[in-house]
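One-letter residues, chain by chain:
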Amino acid sequence: MIIIVFFIIHWYASLFFQSFFHHRYAAHKHFCMSKNWEKFFYICCFITQGSSYISAYAYGIMHRLHHMHTDTEADPHSPANHPNFWCMMLETRNTYFSIYRGKTFVDEKIKKDLPEWNAFDAIAHNWVTRTAWIIIYTIFYIIFATEWWLFLLLPLTVIMGTLQGAVVNWWAHKFGYVNYAVNNTSKNIVPLDIFFWGESYHNNHHKYPGRPDNAHRWFEFDALYKTELLLHKMRIIQLREKKLSGPNSKTEIF
Ligand SMILES: [Zn+2]
Ligand SMILES: [Zn+2]
């Protein structure tokens with residue numbers, strides 16, 4: 001029971017910070033925050049993503065490339081370019097590391113305003129730290145797993161952040177419904193998103209990438225946007241001007 005509860009909490013916590021910090025803040029600039037809060041959320045990402053921690057800077061570049069080149073050969077993770085889910089996930093990982101290590105040429109405008117904390121990434125992003133996380137997870141499972149099959153969740157725990165990115169990137173370009181006719185395969189995975197913090201409304205997001213609220217129809221609910229409104233009221237973040245982020249906006253952030 002403890003392992004199941006841990007896994008569920010880990011799923012939502014890891015996905016929350018990847019969606020909030022990496023996707024909507026770093027890549028899309030839906031809101032801004034002070035450098036101190038930025039550092040706080042870096043640490044939150046490290047704690048919740050653990051062995052699958054990724055750099056917000058490299059993620060931001062990769063995700064902006066996805067929006068610029070969706071479903072073409074230059075798209076870093078389109079299902080159209082890969083025979084199956086695992087091939088796409090592996091290729092995405094390789095592309096990500098190439099960007100992180102500076103081996104991929106990236107135009108300056110794609111790097112614009114991305115958060116960077118190199119000293120922190122040097123600690124959080126190396127294999128010694130990842131291995132330490134894997135040891136911690138394994139010990140936790142050994143102590144609390146009451147059935148053998150619970151250990152099947154251990155590899156998913158280790159790759160949690162990578163897995164979540166790949167699930168959305170694959171599924172939301174393969175299956176679901178469409179609100180807007182766009183020139184790519186993006187879909188909204190489910191009408192009521194209770195698993196992905198509003199990230200499953202991917203067709204809406206591709207149509208209006210600069211709009212903070214991914215829910216566009218009466219039955220859709222973007223829990224992450226609601227959280228952003230709360231953080232905005234608490235003055236932890238500042239959402240961008242509504243005129244820049246509404247559905248009729250001419251200004252699109254990738
Ligand atoms: Zn997409
Ligand atoms: Zn996006």
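Residues numbered from 1 in each chain as written. Chains lettered and ligands numbered in written order. Predicted model: local features only at pLDDT ≥ 70, side-chain atom pairs only at ≥ 80, totals over all residues. Heavy atoms only, no water.

Describing the overall build of the protein chain
Next, step 1: The secondary structure content of the protein chain amounts to twelve helices and two strands.
Next, step 2: Reading the helices (α) and strands (β) of the protein chain from amino to carboxyl end gives α-β-α-α-α-α-α-α-α-α-α-α-β-α.
Next, step 3: Compactness check: the protein chain gives a C-alpha radius of gyration of 18 Å against a globular reference of 18 Å for 254 residues, within 12% of the reference.
Next, step 4: Dimensions along the principal axes, computed over C-alpha positions, put the protein chain at roughly 55 × 40 × 40 Å.
Next, step 5: Counting every position in the protein chain, which comprises 254 residues, the buried fraction comes to 53%.
Next, step 6: Once local pairs closer than 6 in sequence are excluded, the contacts in the protein chain between residues at least 24 apart make up 68%.
Next, step 7: Roughly 12,700 Å² of accessible area belongs to the protein chain as shown, and the carbon and sulfur atoms make up 67% of that amount.
Next, step 8: Charge centroids of the protein chain, computed over 24 positive and 19 negative side chains, lie 4 Å from each other. (Helix = DSSP H or I, 4+ residues; strand = E, 2+ residues; numbered from the N terminus. Rg over C-alpha atoms; globule rule 2.2 N^0.38 Å. Buried < 20%, exposed > 50% of the residue type's maximum accessible area, 1.4 Å probe, protein only. Contact = heavy atoms within 4.5 Å. Areas by Shrake-Rupley, 256 points an atom, 1.4 Å probe, with all protein chains shown as cover. Lys, Arg positive; Asp, Glu negative; His and termini not counted. Charge placed at Lys NZ, Arg CZ, Asp CG, Glu CD.)

Quick look at the environment of Phe41
Next, step 1: Locating Phe41 in the fold gives a position in helix H2 (residues 35-49).
Next, step 2: For the pair formed by Phe41 and Lys207, sequence separation is 166 residues and the distance between their alpha carbons is 28 Å.
Next, step 3: Each residue touching Phe41, except ones within four places of it in the same chain, is listed here: Phe17, Phe20, Phe21, Met33 and Ile236.

Considering the coordination of the zinc ion (ligand 2)
Next, step 1: For the zinc ion (ligand 2), every protein donor is listed as His23 (NE2), His28 (NE2), His63 (NE2), His67 (NE2) and His205 (NE2), and the spread of their distances is 1.9 to 2.2 Å.
Next, step 2: One chain supplies every donor to the zinc ion (ligand 2), and in sequence these donors are spaced H-x4-H-x34-H-x3-H-x137-H. Remark: His205 occurs in helix H10 (residues 202-207) and His28 occurs in the loop between helix H1 (2-27) and strand S1 (31-32); sequence separation between them is 177 residues. Grouping residues by exposure puts His28 and His205 together as buried. (Donors = N, O, S within 2.8 Å, 3.2 Å for Na, K, Ca; no water.)

Re the side chain of His10
Next, step 1: Along the polypeptide, His10 turns up in helix H1.
Next, step 2: In this structure His10 touches Leu15, Thr48, Tyr137, Thr157 and Met160, once residues within four positions along its chain are discounted.

Regarding the coordination of the zinc ion (ligand 1)
Angles between donor atoms at a metal ideally measure 109.5 degrees for a four-coordinate tetrahedral arrangement and either 90 or 180 degrees for a six-coordinate octahedral one.
Next, step 1: Around the zinc ion (ligand 1), the donor atoms from the protein are His66 (NE2), His173 (NE2), His202 (NE2) and His206 (NE2), and they sit 2.0 to 2.1 Å away.
Next, step 2: For the zinc ion (ligand 1), the four donor atoms in the first shell make angles of 97 to 141° at the metal, a pattern classed as irregular.
Next, step 3: One chain supplies every donor to the zinc ion (ligand 1), and in sequence these donors are spaced H-x106-H-x28-H-x3-H. Of the two residues, His202 and His206 both sit in helix H10, four residues apart, roughly one turn of that helix. In terms of burial, His202 and His206 fall into one category: buried. (Tetrahedral: all angles 85-135°; square planar, octahedral: opposite > 155°, others 65-115°.)

Structural notes on unusual backbone geometry
Next, step 1: Despite not being glycine, Lys29 shows a phi value in the positive range, around 55°.
Next, step 2: With respect to the helices and strands, the residue Lys29 is situated in the loop between H1 and S1.

Points about the side chain of Asp222
Next, step 1: Here Asp222 shows up in the loop between H10 and helix H11 (223-233).
Next, step 2: A distance of 3.2 Å separates a polar atom in the side chain of Asp222 from the backbone nitrogen of Tyr225.
Next, step 3: Discounting residues that sit within four places of it in the chain, Asp222 has contacts with Arg24, Trp197, Gly198, Tyr201, Pro212, Asp213, Asn214 and Ala215. (Polar contact = N/O pair within 3.5 Å; in protein donor to acceptor, adjacent residues only side chain to side chain.)

Considering the packing of helix H4 (residues 85-100) against helix H9 (residues 160-171)
Next, step 1: Running from N to C, H4 and H9 point in directions that differ by 120°, and their axes come no closer than 10 Å. With respect to H9, the axis of H4 lies oblique. Between H4 and H9 lies a crossing whose hand is right-handed. Between H4, through Phe85, Met88 and Met89, and H9, the contact on the second element is made entirely by Thr162, Leu163, Ala166, Val167, Asn169 and Trp170.
Next, step 2: Looking at the contact of H4 with H9, its residues break down into seven nonpolar, two polar and no charged. (Axes fitted to C-alpha atoms, helices over the stretch in contact; angles between N-to-C directions. Parallel < 35°, antiparallel > 145°, perpendicular 65-115°, else oblique. Left-handed = near helix turned anticlockwise from the far one by under 90°. Nonpolar A, V, L, I, M, F, W, Y, C, P; charged D, E, K, R; others polar.)

Points about the pattern of salt bridges
Pairing between side chains becomes possible if they bear opposite charge and their charged atoms approach one another.
Next, step 1: Summed over all chains, the structure comprises six salt bridges.
Next, step 2: A salt bridge links Arg24 to Asp222, with the shortest nitrogen-to-oxygen separation between them at 2.9 Å. Here Arg24, found in helix H1, pairs with Asp222, found in the loop between H10 and H11; they are 198 residues apart in sequence, far enough to count as distant.
Next, step 3: Judged by relative accessible area, Asp222 falls into the buried class, the value being 1%.
Next, step 4: A salt bridge links Asp113 to Lys112, with the shortest nitrogen-to-oxygen separation between them at 3.4 Å. (Salt bridge = Lys/Arg side-chain N within 4 Å of Asp/Glu carboxyl O.)

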